[in-house]
Structure formats: structure tokens, C-alpha cells
Amino acid sequence: MELLLVLLMLASFLGLVMWGKLPVGIALAVTSVVLAVAAGHINLELFEHVVNGMFGYLDVSLVLITAMIFMKVIEENGLLQSLTRDLIIRFGRSPLTLLIVITLLIMFPGAITGSCSASVLSTGILLAPVLMQLNMPRHIAGAIITMASVYGMIAPPVNIIVMIIGAGMDVPYIGFNSVLLMITLPLAIITTLYLGYSYAKTANLETIVENYKKEKTESGLLLYLPLLVMLVLMVGPKAFPEAIPDPGLPLTFCVVTVLACFSGKKFSLPTVAKAGITEILPIVSLLIGVGMLIEVMTLIGLRGYIVVNMLSIPSYLMLLGMAVFLPAFGGISVFGSASVLGVPFALALLGSNQIITISALSLITGMGSFTPPVALTPVVTAQIIGESNYMNIIRPCLAPVIAAIIIGLLIIQFAEPIAKIIL
């Protein structure tokens, strides 16, 4: 019976997304109801579980909404453009440091919103011309933007994949930041250098720096105050827990958004906030669907069935399953992969350090961003840089993607020794 329910779940979800053309969030919600009905749970208890599931990711949704509004605000007031200009002027005369700075800038929006599309559509757009001025072919510049954006999505402080997996097994989103930073930052920088250093070292960097010096952007300490306050509110409570109370990410983003309204260019906050919410709404709806599905899977015993069966297979087959199925399912939805497969895999790894294993699973799952037919990040990148075929962007990324998956598997395999070193 349970096996039939698993097959029904996969068939329902894939059919609704691929042939029904429904948004992923709605497809997950419909799939959860189909599962419950098929399992014979047609009663008031089902309604209660569905509602509980809908609000299961309310805290994550508040983080995403407030973070995306903040991103849109600093785009409108000129802070993002000014930050890009100042960093390139200061560090842009060395191909090594320039590529590192570009990587960090592209990662930044994704890191604070948990969305790689936010990186592509903000700093990705700003820096695409710079990358192409470094003698890079269009598809290589697109590959760098795409890889850095995906690593930004996995980087702290907001990693939605970890939040989804953690919520599915009652693990709070605490203690992940340092681990995620150690995983993503070196890989992102090495990947950018692998893809672009041979081109950048032949470019006339002085010309690029001089062109940025001619640009007129907003300036002043007041402009950068929101970033400084955000850093204090995020790092301070962890460094000095007794002196600085932790306001939480939603309140932090609200505070810095208000500060950003009083510096730089003038703009309409309601208009900008509406644009930010509209952009992040598909991910919020996806989280609602994910919450419903996990709650229903728990109600009908399907989660337990999957975990028990995973525990019965050899470890090398489980690792192979992670390497293949997590990225492959990402071809439909990375967050759907985290919910449907990531949670059971994480539950099967309960004997290892949870922070390390869930962080590594988020790395492997994130690589599903490159899997067709959706492959949303390369598709969006291709659109903004004018590349006609998004597969031209994916091909240079294949080696870094495979390397990331292998590293994720190694981290899972040696989770306990790694935890003793870095935690």
C-alpha cells in the first residue's frame, strides 16, 4: 500500500507540473490532498493537518518577504549600484581579487533572500557587462553568474533548502551559518576562477576601473548604514548573546528597510514592496504546498515508510541515490526536491551530525538548479545576457556541479569527524 502511495505521489506531482502546467506550490498542495484521499483520510482531521501544514513555514515566509523587500529597496535607493562600483574601483585592478569580488556581489542577494533568481536579476544584471569586458564569451559570463547565484541561494543567512529539510524533521535553523559559509564560499570562488580566470588575466582591468570611476552613483556613510546595521543585528547576538538580544531575521530586515528609505534616491515604498512581494510570492506558495505535503505524509505514515526503507539499504546505495535523485528532482523544483526527497534522506542520516548532513544535502539539492526541463537559474541568466540557448550556459557548469555533488557526498560520509573540527 505504501509503495503505491509513493508512486501515486510522484505521478500526481510530476503530472500536475509537467502536463497540467500548474505552479509547483499548487501542484504540491493538490498532491497532498490526493494522497490523503487515496489513503482514506477524508475527515476533519485531514482539514486540521492541511491547515497546520500551510502555516508550517510561516516564519520562513516572513524571512523571504522581508528580505526581498529589502533587496528591492536597496536596488531603488542606489545602494546596490554604489556597493558594486566602490568594490570594483577598490579591488578591480587584479584579476584574482576582481573575480572574487564579483562572486561575492552576485551571491549577496541570494544569500539574504534564499532565491538564486534574486541574484541573477539584481547584481547579475549589474555585473554581466563587467564579466564580458573581461574577454569572456557570453556563455562563460552566464555560467559564472548562474553558479554564483546558486551558491548564494545555499549560503547563509537564508538557506530555504535547509529550512525545508529542518522543518520536516523538527531541526531548528540554528548553527548552520558557519557550516554553510565554509561549504559555499570556497566552492563559489574556486568555480568562478575555474571558469573565468584565464579570460580575466588577459583583460585591460584599468579601463574597467576607470569606466566605473566615471559613473555617478549615490554615496555617503548614511547610504551604507542599513548594511552596517544588518551586520550588527545578525552577527552581534551570536558574538555577544548576553549584551545584544537576537531580533530575528524578519525584524532585522524590517529595521534595515526603514533605514534604507531615508538615504539615497527617493522612491515609493509601497510600489517597491509590492514588486518584492510579487517576485517572492511563487516561493512562498511553494512553501505552503511543501508544508501541506509533509504534514499529510506524516499523517498517513508515508514519511516513516520511506525512512524505514532507506535505512535498510546499504550506505553506498543511499549516497548514490542522493547524488542522482536530489539533483534530478530539482529539474522540476529544487525546493520540491528538498521536501519530497531531502527530508527522508536527512531522517535516514539521523545517526550523523544533523547540521553537517543537512548542510551537505542542501549543497547537493541546490545543484538541481541546472537540471532540465525547468533549469530556472540558467534560463533566467540566458535571458538577461542575451544567450539564445540556455544549454550553452549549463555545459561549462557540468564539471563544477559534479564536483559540488561529490564534495557534498564526502561531507555526509565524514560528517562526524568534520563536526568535531568545525563545530
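Residues numbered from 1 in each chain as written. Predicted model: local features only at pLDDT ≥ 70, side-chain atom pairs only at ≥ 80, totals over all residues. Heavy atoms only, no water.

Student: Just to check I follow, could you spell out the overall build of the chain for this structure?
Tutor: On a plain count of helices and strands, the chain comes out with 21 helices and 0 strands. For 423 residues, the compact-globule formula gives about 22 Å, and the C-alpha radius of gyration of the chain, at 22 Å, lands near that figure. Overall, the chain is about 70 × 45 × 40 Å in size when its C-alpha atoms are taken along their principal axes. Within the chain, the proportion of its 423 residues that are buried is 55%. (Helix = DSSP H or I, 4+ residues; strand = E, 2+ residues; numbered from the N terminus. Rg over C-alpha atoms; globule rule 2.2 N^0.38 Å. Buried < 20%, exposed > 50% of the residue type's maximum accessible area, 1.4 Å probe, protein only.)

Student: I'm lost on a nonpolar patch on the surface in this one. Help?
Tutor: Judged by side-chain polarity, Ile313, Tyr316, Leu317, Leu320, Val324 and Phe325 come together as a nonpolar surface patch covering roughly 590 Å² of accessible area. Mapped onto the secondary structure, Leu317 falls in helix 16 (residues 315-329). (Patch = residues over 30% accessible without salt bridge, like charges linked within 9 Å, V, L, I, M, F, W, Y side chains within 5 Å. Areas by Shrake-Rupley, 256 points an atom, 1.4 Å probe, with all protein chains shown as cover. Salt bridge = Lys/Arg side-chain N within 4 Å of Asp/Glu carboxyl O.)

Student: Where do I start with the pattern of salt bridges in this structure?
Tutor: If charged atoms from side chains of opposite charge come close, those side chains can pair. Tallied over the entire structure, the rule returns 5 salt bridges. Close ionic contact of Lys72 with Glu279 constitutes a salt bridge, the shortest N to O distance being 2.8 Å. Linking Lys72 in helix 4 (residues 58-76) with Glu279 in helix 14 (residues 269-299), this pair joins segments that are 207 residues apart in sequence. For Lys72, a relative accessible area of 17% corresponds to the buried category. The residue Arg85 makes a salt bridge to Asp86 at a minimum N-O spacing of 3.4 Å. On the accessibility criterion, Arg85 (16% relative accessible area) is buried. On the accessibility criterion, Asp86 (29% relative accessible area) is partly exposed. Among the ionic contacts, a cluster of salt bridges with common partners joins Arg93, Glu206, Glu210 and Lys213.

Student: Which parts of the structure should I look at to understand the environment of Tyr194?
Tutor: Tracing the chain through its elements places Tyr194 in helix 10 (residues 177-200). Of the residues examined, Tyr194 reaches a relative accessible area of 54% and is grouped as exposed. Expressed as a C-alpha distance, the spacing of Tyr194 and Pro400, which sit 206 residues apart in the sequence, is 8.6 Å. Residue contacts for Tyr194: discarding those within four places in its chain leaves Pro396, Ala399 and Pro400. (Contact = heavy atoms within 4.5 Å.)

Student: Is there a simple way to think about the nonpolar core in this case?
Tutor: Membership of the largest hydrophobic core comes to 150 residues, with the highest contact counts inside it found for Leu134, Tyr151, Phe253, Met322 and Met367. With 14 residues, helix 14 is the largest single contributor of residues to this core. Once residues lying within four places of it in the same chain are set aside, the contact partners of Phe253 are Val63, Thr66, Ala67, Phe70, Ile112, Met230 and Met234. (Core = buried A, V, L, I, M, F, W, Y, C linked by side-chain atoms within 4.5 Å.)

Student: Is there a simple way to think about the packing of aromatic side chains in this case?
Tutor: How two aromatic rings sit relative to each other is set out by the distance from centre to centre and by the angle between their planes. According to the stated counting rule, one finds 3 aromatic pairs in the structure shown. Here the aromatic rings of Phe13 and Phe329 are separated by 5.6 Å at their centres, their planes lie at 10 degrees, and the arrangement is stacked. Linking Phe13 in helix 1 (residues 2-19) with Phe329 in helix 16, this pair joins segments that are 316 residues apart in sequence. What makes Phe329 buried here is its relative accessible area of 10%. Between the aromatic rings of Tyr173 and Phe176, the centroid separation amounts to 5.7 Å while the plane-to-plane angle is 10 degrees, which identifies the pairing as stacked. By relative accessible area, Tyr173 is classed as partly exposed at 24%. Residue classification places Phe176 among the buried residues on the basis of a relative accessible area of 2%. (Phe/Tyr/Trp six-rings, centres within 6.5 Å; stacked < 30°, edge-to-face > 60°.)

Student: Help me out: how do you make sense of helix 8 (residues 138-154) in this one?
Tutor: Because the α-helix completes a turn every 3.6 residues, residues three or four places apart line up on one side. In this model helix 8 runs 25 Å from its N-terminal to its C-terminal C-alpha over 17 residues, within 8% of the 24 Å that 1.5 Å per residue would give. Extensive coverage of helix 8 is indicated by the burial of 15 of its 17 residues. (Expected span 1.5 Å × (residues − 1).)

Student: Sorry if this is basic, but what is going on with unusual backbone geometry here?
Tutor: Residues apart from glycine generally show negative phi values, whereas peptide bonds are mostly found in trans. Here the residue pair Pro156 and Pro157 is connected by a cis peptide bond, since its omega of 10 degrees sits within 30 degrees of zero. Considering the arrangement of structural elements, one finds Pro157 in the loop between helix 8 and helix 9 (160-168). Residues other than glycine seldom take positive phi values, yet Lys21 does so here, at roughly 60 degrees. Phi is positive for Asn135, close to 65 degrees, though the residue is something other than glycine. Looking at the secondary structure, you find Asn135 in the loop between helix 7 (116-133) and helix 8. Residue class for Asn135 comes out partly exposed when judged on its relative accessible area of 42%.

Student: Honestly, the packing of helix 6 (residues 95-113) against helix 8 in this entry has me stumped. Any pointers?
Tutor: Geometry of a packed helix pair, given as the angle between the helix axes and the separation of the axes. In the contact formed by helix 6 and helix 8, the axes pass within 7 Å of each other and the chain directions differ by 45 degrees. Relative to helix 8, the element helix 6 lies oblique. In the crossing of helix 6 with helix 8, the sense of the turn from one axis to the other is right-handed. Only Ile145, Ala148, Ser149, Tyr151, Gly152 and Met153 of helix 8 make contact with helix 6, whose side of the interface consists of Thr103, Ile106, Met107, Gly110 and Ala111. Along the lines of polarity and charge, the residues of the contact of helix 6 with helix 8 split into 7 nonpolar, 4 polar and no charged. (Axes fitted to C-alpha atoms, helices over the stretch in contact; angles between N-to-C directions. Parallel < 35°, antiparallel > 145°, perpendicular 65-115°, else oblique. Left-handed = near helix turned anticlockwise from the far one by under 90°. Nonpolar A, V, L, I, M, F, W, Y, C, P; charged D, E, K, R; others polar.)

Student: Would you mind showing me how to read the side chain of Thr192 here?
Tutor: Summarising the element assignment, Thr192 is placed in helix 10. Once residues lying within four places of it in the same chain are set aside, the contact partners of Thr192 are Leu99, Thr103, Ile144 and Tyr197.

Student: Would you mind going over helix 5 (residues 79-91) with me for this structure?
Tutor: For helix 5, spanning 13 residues, the distance from its first C-alpha to its last is 18 Å, which sits close to the expected 18 Å at 1.5 Å a residue. Those residues of helix 5 that sit buried are Leu79, Leu80, Ser82, Leu83, Thr84, Arg85, Ile88 and Ile89. The secondary structure elements touched by the buried residues of helix 5 are helix 4, helix 6, helix 7, helix 11 (205-214) and helix 12 (221-239).

Student: Would you explain the confidence of the model for the chain in this entry?
Tutor: Any segment with low pLDDT has predicted coordinates that should not be analysed in fine detail. Counting all residues, the mean pLDDT for the chain is 89, and 100% of those residues have values of 70 or more. Considering each helix and strand of the chain separately, the mean pLDDT is smallest for helix 15 (residues 302-311), with a value of 74, and largest for helix 18 (residues 354-366), with 97. (pLDDT = per-residue confidence, 0-100.)

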